[in-house]
Amino acid sequence: QVQLVESGGGLVQAGGSLRLSCAASGRSFSSYAMGWFRQAPGKEREFVSAISRSGVITAYADSVKGRFTISRDNAKNTVYLQMNNLKPEDTAVYYCAAAKSTITLRAPGEYDDWGQGTQVTVSS
């Protein structure tokens, strides 16, 4: 089990950028695939991006491809989500999640541990 704490959310104008961080505590961070999900008011939680244990494999939702970049630093037990060219529809609570074993990287049910979330608000 890992404990996850997100940071970096905030209010930004459309076209702006934010970088989210997710710090993990516990052992063997490098043995977990990591994902970012988001949930807007009245909507279901949706996949945003994920990265494999080594960082070699990444995945993105079509809605963020080309604008968001996921990365990880296993020495710092941290995963990042760089978000550029933000749009009002990106407004949501963003959650970090860790998966011990995952096939798709995209399914929330594959993730074992979740952070509390960080709010991202994009104004038009």
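What you see is a predicted model; the values in this text were computed from it and never measured. (Residues numbered from 1 in each chain as written. Predicted model: local features only at pLDDT ≥ 70, side-chain atom pairs only at ≥ 80, totals over all residues. Heavy atoms only, no water.)

J.: Lay out the sheet that holds strand β8 (residues 78–83) with the relevant residues and their values.
T.: If you walk across this open sheet you meet the four strands as β1-β3-β8-β7, and the pairing is antiparallel. Of all strands in the sheet, those with a lone pairing partner are β1 (3–7) and β7 (68–73), marking the two edges. For this sheet, the mean angle separating the axes of adjacent strands, direction not counted, is 15°. The pairing of strand β3 (residues 18–25) with β8 spans six bridges and is classified as antiparallel. When the sheet's bridge partners are listed, Arg19 is paired in β8 with Gln82. (Pairing = 2+ DSSP bridges. Helix = DSSP H or I, 4+ residues; strand = E, 2+ residues; numbered from the N terminus. Axes fitted to C-alpha atoms, helices over the stretch in contact; angles between N-to-C directions.)

J.: Go over the nonpolar core, please, and point to the residues and values.
T.: Within the largest apolar cluster, 38 residues are counted, with the highest numbers of intra-cluster contacts made by Met34, Trp36, Val79, Leu81, Met83 and Tyr94. The leading source of residues in this core is strand β9 (residues 92–99), at six residues. Those residues within four positions of Leu81 in sequence are excluded, and the remaining contacts are Leu18, Arg19, Leu20, Trp36, Val48, Ser49, Phe68, Thr69, Ile70 and Tyr94. (Core = buried A, V, L, I, M, F, W, Y, C linked by side-chain atoms within 4.5 Å. Buried < 20%, exposed > 50% of the residue type's maximum accessible area, 1.4 Å probe, protein only. Contact = heavy atoms within 4.5 Å.)

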